[in-house]
Protein chains: 2
Amino acid sequence: MAADQVFTVRGDAELVTRAGHLFTSVRQEFVCAARDPDTWSLPAARQVINNNMQATGLDVSKLLSPAALADEAARLHLHEVASKGVHVRISSTPLPHETIIIDRRVMILAGRDRPGPREYTVTTSPTLVGGVYALFQAAWETATDLADFLHGDAPHLDADSLAVLRALGAGHTDETAARQLGLSLRTYRRRVAELMTKLEAASRFQAGLRVGELRLNS
Amino acid sequence: MAADQVFTVRGDAELVTRAGHLFTSVRQEFVCAARDPDTWSLPAARQVINNNMQATGLDVSKLLSPAALADEAARLHLHEVASKGVHVRISSTPLPHETIIIDRRVMILAGRDRPGPREYTVTTSPTLVGGVYALFQAAWETATDLADFLHGDAPHLDADSLAVLRALGAGHTDETAARQLGLSLRTYRRRVAELMTKLEAASRFQAGLRVGELRLNS
DNA sequence: AATGCGATGGCAGCAAACTGCCATCACCCG
DNA sequence: CGGGTGATGGCAGTTTGCTGCCATCGCATT
């Protein structure tokens, strides 16, 4: 059977010796899903990817979780990477396992990051690679681009604001909404006004639009 | 190595004999991504799943491509399935490979549907299953629920409506918006009212929210 | 020409939303 | 205790949004 199409290695060193040539063999496409960008840091691979991107039109896509934007350094790094032509998108889910697919032919899956050497599974089985690639596409398609994700400064909204927001979204009049939230009409409207200020909205319609666009709801 | 954790079979018959017990062993969770729901039709498996869903709180999730809603029959079938408690979501990507993950322990990937017996790859490797599961989650998270997908019929908007929509989105008052569009205040407001009817919105905020959510803008 | 129909616009009245002003209250701090 | 501060709520007045009613206009059909 296809046993030779799948093998597992433990630790970065073994990965390099047994699969290093795969990284450097990348031709057209390099896709990668991970929690944060620092986990795959094989210098040689990076070198090759950088070169190929310049020369041939190598297509590099990285799907990351919001954790990748936690600190300023990571954010800068991503910007730099993106400026070199790498497509970076942010998904709302954690993505604890790192996934790399090379030229739609080779796939490397990393186990969870836990104490001890990390486990990597390398496979070239077309069925496996194709299936994972399809799922990656589905996740990629609906993820938001890095630029949008950062620029869309979702203003920080506390629980109160969210309650007001829900009431507005439910389509109630101010009076019923205020009663529902146990506020006076005056304060409720104050809240709405504050919300609109935060959203830089001139009308309620515009405010709703922003909320919908930024997915501040749900 | 973990060769026994991965094996490939050809054709449904072989899949049943070699992996049928896996289907019937499902305990807590059964997730499935596929182009359309008819491809996995092992009657025995269905039986088990139906029973378990009633008895224990078996969690069944199906992620499908819009192709699954092509004809009326499929749509009805999905409604029926959903009414039994199965979570059904629609992703915008094709999902040509079928993927099944059972209890986060076993994974079955089907090759592309092509002439000849279909190829299935079955694996229990935690790394592989975990990685694919994470990607599935990412795709699932951002997919739209079946009900929303069907009900959220993005109302057809003509050029006029879009102009009104832009004016509203710009945050103008009705008066300036009407002047800008060369309409009387009365007709402009009529247009807004029509728009809100189409969007089934009770307030302008709600209308804006809908527009933003459905990306009717942009 | 006459008729009918749909879109438009003005008017008026009403409902809803917005805001300034001030009294009140809770709370913290010197 | 007294004073400062910030959140709240009532009141009133203004603006804005909403809609029913009717006159008008353009256009097509008969």
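Residues numbered from 1 in each chain as written. Chains lettered and ligands numbered in written order. Predicted model: local features only at pLDDT ≥ 70, side-chain atom pairs only at ≥ 80, totals over all residues. Heavy atoms only, no water.

Digging into the sheet that holds strand β1 (residues 6–10) of chain A
Spatial strand order, β1-β7-β6-β5-β2-β3-β4-β8 (chain A): 8 strands in an open sheet with mixed pairing. Either end of the sheet is taken by a strand with one partner, and the two such strands are β1 and β8 (144–145) of chain A. The pairing of strand β6 (residues 106–110) of chain A with strand β7 (residues 119–123) of chain A spans 4 bridges and is classified as antiparallel. Bridge pairing in β7 of chain A links Met-107 of chain A to Thr-123 of chain A. Contacting β1, β2 (29–34), β5 (99–102), β6 and β7 of chain A, helix α4 (residues 126–142) of chain B crosses the sheet at an angle of about 95° to β6 of chain A. (Pairing = 2+ DSSP bridges. Helix = DSSP H or I, 4+ residues; strand = E, 2+ residues; numbered from the N terminus. Contact = heavy atoms within 4.5 Å. Axes fitted to C-alpha atoms, helices over the stretch in contact; angles between N-to-C directions.)

Structural notes on the protein's contact with DNA strand C
Near DNA strand C you find Thr-173, Asp-174, Arg-186, Arg-189 and Arg-204 of chain A together with Ser-184, Arg-186, Thr-187, Arg-190 and Arg-191 of chain B, and these make up its full shell. Within 4 Å of the protein, the contacting atoms of DNA strand C are drawn from sugar and phosphate to the extent of 47%. A distance of 3.4 Å is found between a base nitrogen of DNA strand C and a side-chain nitrogen or oxygen belonging to Arg-189 of chain A. Ser-184 of chain B places a polar main-chain atom, nitrogen or oxygen, 3.3 Å from a phosphate oxygen of DNA strand C. Taken together, the elements giving at least two residues each to the surface near DNA strand C come down to α8 (185–198) of chain A together with α8 (185–199) of chain B. Here the element with the most residues in the surface near DNA strand C is α8 of chain B; it accounts for 4 residues. The residue makeup of the surface near DNA strand C, split by class, is no nonpolar, 3 polar and 7 charged. (Near = heavy atom within 4 Å. Polar contact = N/O pair within 3.5 Å; in protein donor to acceptor, adjacent residues only side chain to side chain. Nonpolar A, V, L, I, M, F, W, Y, C, P; charged D, E, K, R; others polar.)

A few points about the protein's contact with DNA strand D
Taken together, Ser-184, Arg-186, Thr-187, Arg-190 and Arg-191 of chain A together with Thr-173, Asp-174, Arg-186, Arg-189, Ala-193 and Arg-204 of chain B make up the full set of residues adjacent to DNA strand D. Close to the protein, within 4 Å, the atoms of DNA strand D belong to sugar or phosphate groups at a rate of 45%. In this structure, Ser-184 of chain A approaches DNA strand D through a main-chain N or O atom, which is 3.4 Å from a phosphate oxygen. At 2.4 Å from a phosphate oxygen of DNA strand D is found a side-chain nitrogen or oxygen belonging to Thr-187 of chain A. Mapped by element, the contributors of at least two residues to the surface near DNA strand D are α8 of chain A together with α8 of chain B. Here the element with the most residues in the surface near DNA strand D is α8 of chain A; it accounts for 4 residues. Its residues placed into classes, the surface near DNA strand D shows 1 nonpolar, 3 polar and 7 charged.

As for the interface of chain A and chain B
Each side of the interface is counted separately: chain A has 53 residues, and chain B has 52 residues. Counting each side, the surface lost to burial between chain A and chain B is near 4,200 Å², with a carbon and sulfur contribution of 71%. Of all residues in chain A, Thr-127, Leu-135 and Phe-205 of chain A bury the most surface against chain B, accounting for 18% of the area lost on that side. For the pair chain A and chain B, the interface holds 0 salt bridges. Counting across the chain A and chain B interface gives 7 residue pairs in polar contact (both at pLDDT 80 or more). Put simply, the parts of the chain that give the side of chain A that touches chain B at least two residues each are β1, β6, β7, α4 (126–142), α6 (159–170) and α9 (204–213) of chain A. For the side of chain A that touches chain B, the element with the highest residue contribution is α4 of chain A, accounting for 13 residues. When the residues that make up the side of chain A that touches chain B are grouped by side-chain class, the tally is 26 nonpolar, 21 polar and 6 charged. (Buried area = accessible area lost by both parts, 1.4 Å probe. Salt bridge = Lys/Arg side-chain N within 4 Å of Asp/Glu carboxyl O.)

These figures capture arrangement, not role.
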